[in-house]
Amino acid sequence: MTIQHQADALIAARAQVTAEMREFFDALYHGADTDGLDAADLGLIAVRARAELLAQAEGATRVTLSQTPRFSLAVAVNDDRPFLFDSAVLAAIAAGAQLRNVFHPILTEGGRRRSLIVFVADPLADEPARERLVTGLEACFAAGAAAVRDWRAMTARLKTARDGLAARGPHGLDIEEDLAFLDWLADDHFTFLGSREYRLRDDGAHGLLEPISGSGLGVLASPAARVLGTGGLRENPGLSAEVRAFFDSNGPLIVTKSSARAQVHRRVHMDYVGVKIYDADGRFAGEHRFVGLFTSGAYSINPREIPLLRRKIAAVTARAGLEPRSHDGKALAHILDTFPRDEL
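What you see is a predicted model, and the numbers here were worked out from it, not measured in a lab. (Residues numbered from 1 in each chain as written. Predicted model: local features only at pLDDT ≥ 70, side-chain atom pairs only at ≥ 80, totals over all residues. Heavy atoms only, no water.)

Enquirer: How would you summarise the overall build of the protein if you had to cite specific residues and measurements?
Expert: A count of helical and extended segments in the protein gives 11 helices and 11 strands. Reported as C-alpha extents along the three principal axes, the dimensions of the protein are approximately 75 × 55 × 40 Å. Looking at the protein as a whole, 44% of its 344 residues are labelled buried. Considering only contacts in the protein between residues 6 or more positions apart, those separated by 24 or more positions represent 64%. In the form shown here, the protein has an accessible surface area of approximately 17,400 Å², with 53% of it arising from carbon and sulfur atoms. Considering the protein, the positive charge centre built from 40 side chains and the negative charge centre built from 45 side chains are found 2 Å apart. (Helix = DSSP H or I, 4+ residues; strand = E, 2+ residues; numbered from the N terminus. Buried < 20%, exposed > 50% of the residue type's maximum accessible area, 1.4 Å probe, protein only. Contact = heavy atoms within 4.5 Å. Areas by Shrake-Rupley, 256 points an atom, 1.4 Å probe, with all protein chains shown as cover. Lys, Arg positive; Asp, Glu negative; His and termini not counted. Charge placed at Lys NZ, Arg CZ, Asp CG, Glu CD.)

Next comes the structure, spelled out in structure tokens:
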């Protein structure tokens, strides 16, 4: 369908809707790609989307899916907040939807800013496929709402964890770089999605790392939420000798990947940052756990400016013993500067 055909279809559809619908119609399709949709399709989509917008209760998420002979139509209405559209697109793709057209106007009525997301997809032939799409969208919106709701509490907890580590850390260990990393993290370099606090308890063996009841925030608000799988650090309160030795002997921070994928913003394994808690004798006593995503800006910063990474780069450079201005020295510097941040 050419641009002219799209314009003609929009003009024809707009002429057919009621006068009170036209402002909504214009907002829905403003700047959007309507390729493959004729005037009848455009009018039908606008009417159904408007009905869902009117039916949404303040503060609620409303997701519906309807069918036409030519396409499936998903409509989602939320009070406006961050991460809605990108999360929804990725959720729809993860559910197997083949998206043809997407519309996302932000509408303000009665002082309320609302997000209207409309997906036109290839027809979903069976009920399980339709259910996957609806439940996937609902899940991503719920996760996003929880993260936004608890964002301030999570950033406050990071400050508490940082200050606690500064006041009471492991004995005999320089933690200035670890503290600098937490300050860097708080400076808009991490999208907080969840947090939980854990305390170490004696079980007569290697200890139990138990979550503190009610400490869950964001996507970890539910006690059933888990972010560790079957790797070395398992989501199990009973610690093995190996894991207990890891907590006792390593530095004050754990920076790794969660086994759980984010349902918000980017569909990747969440980044996991653990800040250890120490007792008055400098012994491991618990953990402040954070999960989320390093921001896109964090990946574009020179690693020599990122705490912890800059220390690793300095150690590698010193161990290599190359003259910085030599060919090999410059080659090593280039490798380290462009090496994937997650791998560093």
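Enquirer: Break down helix α2 (residues 19–29) for me, citing the residues and quoting the values.
Expert: Of the positions making up α2, those classed as buried are Met21, Phe24, Phe25, Leu28 and Tyr29. Looking down the long axis of α2, one finds its buried residues gathered within 120° of arc, a one-sided arrangement. In this structure, α2 carries Ala19 and Glu23 as exposed residues pointing more than 90 degrees from its buried face. Buried residues along α2 sit in contact with α1 (3–16), α3 (39–55), β3 (99–103), β4 (106–109) and β5 (112–121). Directly beyond the C-terminal end of α2, a positive phi value near 70° is found at Gly31. (Arc of directions from axis to C-beta.)

Enquirer: Would you mind going over the side chain of His288 in detail, with residue names and values included?
Expert: Inspection of the secondary structure puts His288 in strand β11 (residues 284–294). Among the residues examined, His288 registers a relative accessible area of 9% and is labelled buried. Sequence-distant contacts of His288, defined by excluding residues within four places in its chain, comprise Arg157, Ala161, Arg196, Glu197, Val273, Gly274, Val275 and Ile277.

Enquirer: Go over the packing of α2 against α3 with me, naming the residues and quoting the values.
Expert: In contact at an axis separation of 10 Å, α2 and α3 are set at 105° when each is read in the N-to-C sense. Put simply, α2 runs roughly perpendicular to α3. Contacts between α2 and α3 pair Met21, Phe24, Phe25, Leu28 and Tyr29 from the former with Leu42, Ile45, Ala46, Val47, Ala49, Arg50 and Leu53 from the latter. Grouping the amino acids of the contact of α2 with α3 by side-chain chemistry returns 11 nonpolar, no polar and 1 charged. (Axes fitted to C-alpha atoms, helices over the stretch in contact; angles between N-to-C directions. Parallel < 35°, antiparallel > 145°, perpendicular 65-115°, else oblique. Nonpolar A, V, L, I, M, F, W, Y, C, P; charged D, E, K, R; others polar.)

Enquirer: Summarise the packing of aromatic side chains; cite the residues concerned and give the values.
Expert: One pass over the structure, following the stated rule, counts 9 aromatic pairs. Measuring from centroid to centroid gives 5.0 Å for Phe190 and Phe192, while their planes differ by 75°, and the two rings are edge-to-face. Take Phe190: its relative accessible area is 5%, and that puts it in the buried class. Aromatic side chains Phe190 and Phe294 sit 5.3 Å apart centroid to centroid with 75° between the ring planes, which places their arrangement in the edge-to-face category. Taken together, the residues span a long stretch of sequence, with Phe190 in strand β6 (residues 190–201) and Phe294 in strand β11 at a distance of 104 residues. Every member of this aromatic cluster is reached through a ring pair, and the members are Phe181, Trp184, Phe190, Phe192, Phe290 and Phe294. It is Lys276 that lies over the ring of Phe246; its NZ or CZ is 5.2 Å from the centre. Sitting over the face of the ring of Tyr198, Arg289 holds its NZ or CZ atom 4.0 Å from the ring centroid. (Phe/Tyr/Trp six-rings, centres within 6.5 Å; stacked < 30°, edge-to-face > 60°. Lys NZ or Arg CZ within 6 Å of the ring centre and 35° of its normal.)

Enquirer: How would you explain the pairing of β11 if you had to name every residue and give the values?
Expert: With respect to burial, β11 is a largely interior element, 11 of its 11 residues being buried. For β6 and β11, the ladder comprises 9 bridges, and the chain directions are antiparallel. For Phe190, the partnering residue across the bridge sits in β11 and is Phe294. Alignment of strand β10 (residues 269–278) against β11, held across 8 bridges, turns out to be antiparallel. In the sheet register, Gly274 faces β11, and the bridge partner there is Arg289. Where β10 folds back on β11, the antiparallel hairpin that results is connected by 5 residues, among which Gly282 adopts a positive phi of roughly 80°. (Pairing = 2+ DSSP bridges.)

Enquirer: Help me get a handle on the pattern of salt bridges, residues and values and all.
Expert: One pass over the full model with this rule turns up 21 salt bridges. Linking Asp163 and Arg162 is a salt bridge whose minimum nitrogen-to-oxygen distance equals 3.9 Å. Residue classification places Arg162 among the partly exposed positions, given a relative accessible area of 22%. In this structure, the salt-bridge partner of Glu177 is Arg310, at a minimum N-O distance of 2.7 Å. Of this pair, Glu177 sits in helix α7 (residues 176–186) while Arg310 sits in helix α10 (residues 309–320), and the two are 133 residues apart along the sequence. The class for Glu177 is buried, based on a relative accessible area of 15%. By sharing partners, the salt bridges in this structure join Lys159, Arg162, Asp163 and Asp183 into a single network. (Salt bridge = Lys/Arg side-chain N within 4 Å of Asp/Glu carboxyl O.)

Enquirer: Could you give an account of the packing of helix α4 (residues 84–94) against helix α5 (residues 127–149), naming the residues involved and the relevant values?
Expert: Two packed helices can be described by the angle between their axes and the distance between those axes. Running from amino to carboxyl end, α4 crosses α5 at an angle of 150°, the nearest separation of the two axes being 9 Å. If you check the angle between α4 and α5, you find them roughly antiparallel. Crossing of α4 against α5: the hand is right-handed. Contacts from Leu84, Ser87, Ala88, Ala91 and Ala92 of α4 reach α5 at Leu133, Gly136, Leu137, Cys140 and Phe141. Its residues assigned to classes, the contact of α4 with α5 comprises 8 nonpolar, 2 polar and no charged. (Left-handed = near helix turned anticlockwise from the far one by under 90°.)

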